[in-house]
Every structure is written in structure tokens, then in C-alpha cells.
Amino acid sequence: MDFDVTPEQEAIREATRRFAQERLAPGYQAREGEARIDRDLLREMGSLGLIGADLPEALGGGGEASVTAGIVMEEVARADFNIAYVQLLASLNGSIVAAHASPSLAQDVVSRLCRGEILLALGLTEPGAGSDAANLQLRARPSSGGFVLDGEKTSISLAEQAEEIIVLARSGEPDARAAGVSAFLVAMDSPGVTTSHFDDVGAKVVGRGSVFLDGVEVPAERLLGKQGQGFRQVMHGFDFSRALIGLQCLAPARASLDETWSFVQERQAFGLPIAKYQGVTEPLAEAETLLEAARLLCYETLWLRDAGRRHTRQAAMCKWWAPKVAFDVIHDCLLIHGHQGYSSELPHQQRLRDVLGLQIGDGTAQIQKMIIARERVGKLAVPYA
Ligand SMILES: Cc1cc2nc3c(=O)[nH]c(=O)nc-3n(C[C@H](O)[C@H](O)[C@H](O)COP(=O)(O)OP(=O)(O)OC[C@H]3O[C@@H](n4cnc5c(N)ncnc54)[C@H](O)[C@@H]3O)c2cc1C
């Protein structure tokens, strides 16, 4: 262990690693062809306490620190980046439901989420509102029993697999921006909900698509928190998910790097192992440096969260930098494997395609840099948002 964790956290790391290396790593590439999350694996992870490690114990979560959730994330993602979306989305979306749903709804949904019985998606992005998320237009109108939702969410992870989705909808005036947005928990089998499929280059096991809501009746008790508070609730969660995403991307890069160190000691060129050539080892040494630095930034962010200290700036740094570092490191590892690296027999090409999406999902690098600037100089940096 290379930074300060408790013996309990170390034990959780060991147990997660054993499960991940035995049950997840061997099927990482084969699962890409199935293009869905294996529900038996999901329930198995739930029974081992590997989903929602940080969610409240009273609701079926692990009640652990954010750092512990990071440890679980790292170990799962090292074995299978795509399965680690389960941990990511359970922690992000589960914490919104745990904090803002009625006690009975939170108990029902979060406990099933942590047992691996359901998947919970997040519906924020719309065709006309990505980076400018507060511009969303999906409409929520009051009805006799609650609300009626109409509109489209797009680019939604797990769109075709989730049982439930948190939908951000405009319940106030269009020009109220973030203040007019409310969050709703919508069952994906509600009448009026349909989905479409995106043909992505990576993360095929998770899948992405649009979710169309056509006159969908949502009972009043499925409004999460107060009307007009939805945007703030979700943005608060991003300070957590961005550090987890950093670790999720760095972990497969670490796997590629470790495999590449082994390869360069065995592969011979010009009569010598290629590890003899500094042109080969220098990018690997740089990769070691970048992976260590980015990983520590992610853990620092989680540690600040556990200490109740502000970490928006650090979370944005994790989000723009770690996925890029991961992509660049895996790219170098693939190239150092020569022609073998380009083959689908080795995992580097899949890791490269899989991590790429998280340079965009949860906010692009440009938007994260805007957040960092805003944390330093306030509204001056982003007067329009
Ligand atoms: C793998 C993946 C998973 C995703 N999962 C989900 C999900 O589960 N739920 C969900 O709601 N959404 C999800 N998304 C959507 C994601 O959050 C958006 O794609 C992202 O916020 C960017 O929005 P956009 O694609 O509309 O790009 P746009 O907002 O159209 O931006 C296009 C380009 O312009 C740049 N840009 C925009 N504004 C500025 C500015 N002011 N300054 C500088 N540059 C700017 C952006 O950085 C980007 O490069 C996912 C996306 C991906 C790729």
C-alpha cells in the first residue's frame, strides 16, 4: 500500500481485488460481445457489498468513506472498466436518491440497487443541452397525481438496461435555468417511456442511448427533494463522481502499464530484450509518473470529501486530467506491444476505446477547466453559466 489507509480499507481492497481478478478480469473482453451487464455478476457483487460502498448502511449500503468507494472502484475497474460503471452510477445516483427521496422510496430503491437487483441511470443531457446542462427543456407539468413529463434525454448510460432513471426536468420557467429544474425518479417501464441505442466505439457493455418520455405520469412522491432543487442536487454529486471516474480510468491504464513492463523484458529486438532501449522505457517511466500523480489527486479529492472540505476544484482536475492520462498511457502501451498491441487478442485496444468516452461523459475537459477557473476567480470566468 502506498498511501495511508486503515487496516479495514486494506482488507476491503484485498477482498475486492480477489473477486475482481478471479471473477471479472478473465471475462473483460468476452463481455464486450454480450453488450450488457451480466445480472448474475451484478447480484454477486451486491451480495459481497461491492455496490454502493459509500451509501448509508440503513439503506443497504456499506456506510463506508468516499476513499473506500475509491478503493473498490480502482480494483473493479482494473479488472473490468465497464463493470465499474455499476459502482460509479450506484454511488452517484444512489446518493441522490438516498438524500432526496422519501424514506420509504429511498429504502426500497437504494437497497435493491446495493443488492445488485436494479440499475439506476441519470438523465441530464438533452439534444440541445450538454455542456450547458442548465438549458435543459424536458418539461414537467403538474397533474392531479403528481407530474407529467414530456421530452427527450440523450446520451444516457444504461439507457436500455436500467430499471429506474433520475430525470432532470424543467418544472419552472424556461429562462429560470438551473433554478427551474427538478429531479424525478422514473421507472423505465412506465407507460410512455421508450429508448434508442447508440452504436459506440467503446463501453459497449454499458451502452448509451436516448430516453424518450411521452406524457409519462410520475407520482408526486417520486419528485426528489423540493421543486427547483434538482440541478443543485445532481451537481453536488458530480464532485464525488469525478474523482471516482478518475480512478475508474486510471485503473485499466495501470493494468496495461504493468503488462507492458512484463512484455518489454521478454520481447527481443536486435538481439536484446527491448527493455534495454531507453526509447522503449522512457514513455513507460513517464506513464508511471503520470499514473501515480493523477491517482493521488483522485484520492486527495475523496479524502477532502470525507473531511467535509470543499473539493469542487480538485474534482474538476480529476475529471479532465485522469481520463486523458489513462488514454495516453494505454495508447503508449499498445504501441510498445507492436503489431500484437493492435490485435483484438490483447486488451489494450478495448481499454483505449472504453476509457475514451469518459473524456466526454460527466463533462468535457473544457468545462472542467471552466469550473477550475470559476473556483479561482468566480463568475468572472463564466459570466454566461
Ligand atoms: C460515454 C458517455 C457517457 C455519458 N453518460 C451520460 C449519462 O449517463 N447521463 C447524461 O445525462 N449524460 C451522459 N453523457 C453526456 C455527456 O455528459 C455530454 O456529452 C457532455 O456533457 C458534453 O455535452 P455535448 O456532448 O452535448 O457537447 P456540447 O455541449 O455540444 O459541446 C461540444 C464541444 O464544445 C465544447 N464546449 C461547449 N461549451 C464550451 C465553452 N463554454 N467553452 C469551451 N468549450 C466548450 C465542449 O467541451 C465540447 O468539446 C455521456 C456522454 C458520454 C460520451
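Structural notes, computed from the coordinates. Because the structure is predicted, anything quoted here is derived from the model rather than measured.

When its secondary structure is counted, the chain shows 12 helices and 10 strands. A compact globule built from 385 residues would reach a C-alpha radius of gyration of about 21 Å, and the chain, at 21 Å, matches this within 12%. Along the three orthogonal principal directions, the C-alpha set of the chain runs to about 80 × 50 × 40 Å. For the chain, with 385 residues in total, the buried portion stands at 52%. Pairs at least 24 residues apart make up 73% of the contacts formed inside the chain by residues separated by at least 6 positions. Looking at the chain as shown, the accessible area adds up to about 16,500 Å², and 54% of this sits on carbon and sulfur atoms. Between the mean site of the 38 positive side-chain charges and the mean site of the 50 negative ones, the chain shows a separation of 5 Å.

Moving on, we get to the pairing of strand β3 (residues 146-157). The pairing of strand β2 (residues 139-142) with β3 spans four bridges and is antiparallel. The residue bridging Arg141 from the neighbouring strand is Val148, located in β3. Counted along the chain from β2 to the antiparallel partner β3, the turn is three residues long. Bridge analysis of β3 against strand β7 (residues 208-219) gives nine bridges, and the strand direction is antiparallel. Each bridged residue has a counterpart across the sheet, and for Ser157 the counterpart in β7 is Arg208.

Moving on to helix α1 (residues 7-24). In a regular helix each residue adds 1.5 Å, so 18 residues correspond to 26 Å; α1 covers 24 Å between its end C-alpha atoms and thus fits that length. Restricting attention to buried positions, one finds in α1 the residues Gln9, Arg13, Thr16, Phe19, Ala20 and Leu24. Taken end-on, α1 shows its buried residues confined to a sector of 140°, consistent with a single buried face. Of the exposed residues in α1, those oriented more than 90 degrees away from the buried face are Pro7 and Glu22. Check the buried side of α1 and you find it contacts α2 (28-34), α3 (39-47), α4 (66-79) and α8 (278-306).

Before going further, it helps to examine the side chain of Glu126. Along the chain, the position of Glu126 falls in the loop between β1 (120-123) and β2. Given the relative accessible area of 7%, Glu126 is considered buried. Engagement of the side chain of Glu126 in a polar contact is seen with the side chain of Lys153, the distance being 2.8 Å. For Glu126, the contacting residues outside a window of four places in its chain are Leu136, Gln137, Leu138, Glu152, Lys153, Thr154 and Leu168.

Our next topic: the nonpolar core. In this structure, Leu149, Ile166, Leu168, Phe184, Val186 and Leu213 are the most contacted members of the largest nonpolar core, which totals 115 residues. It is helix α7 (residues 230-266) that contributes the most residues to this core, 15 residues altogether. Filtering out sequence-adjacent residues up to four positions away, Phe184 remains in contact with Ala140, Phe147, Leu149, Ile165, Ile166, Val167, Ala169, Val218, Arg222, Leu223 and Leu224.

For the rest of this paragraph, the subject is the site of the ligand. Near the ligand, the surroundings consist of 20 residues, among which Leu122, Thr125, Ser131, Ser157 and Thr364 are the closest. One of the backbone nitrogen or oxygen atoms of Leu124 is found 2.9 Å away from an oxygen atom of the ligand. The separation between a nitrogen atom of the ligand and a polar main-chain atom of Ser155 is 3.2 Å. In isolation the ligand exposes 980 Å². Once the protein is present, 64% of that is buried. If you list the elements that add at least two residues to the shell around the ligand, you get β1, β3 and α12 (365-377). By residue class, the composition of the shell around the ligand is eight nonpolar, 10 polar and two charged.

Calculation rules
- Residues numbered from 1 in each chain as written.
- Predicted model: local features only at pLDDT ≥ 70, side-chain atom pairs only at ≥ 80, totals over all residues.
- Heavy atoms only, no water.
- Helix = DSSP H or I, 4+ residues; strand = E, 2+ residues; numbered from the N terminus.
- Rg over C-alpha atoms; globule rule 2.2 N^0.38 Å.
- Buried < 20%, exposed > 50% of the residue type's maximum accessible area, 1.4 Å probe, protein only.
- Contact = heavy atoms within 4.5 Å.
- Areas by Shrake-Rupley, 256 points an atom, 1.4 Å probe, with all protein chains shown as cover.
- Lys, Arg positive; Asp, Glu negative; His and termini not counted.
- Charge placed at Lys NZ, Arg CZ, Asp CG, Glu CD.
- Pairing = 2+ DSSP bridges.
- Expected span 1.5 Å × (residues − 1).
- Arc of directions from axis to C-beta.
- Polar contact = N/O pair within 3.5 Å; in protein donor to acceptor, adjacent residues only side chain to side chain.
- Core = buried A, V, L, I, M, F, W, Y, C linked by side-chain atoms within 4.5 Å.
- Near = heavy atom within 4 Å.
- Nonpolar A, V, L, I, M, F, W, Y, C, P; charged D, E, K, R; others polar.

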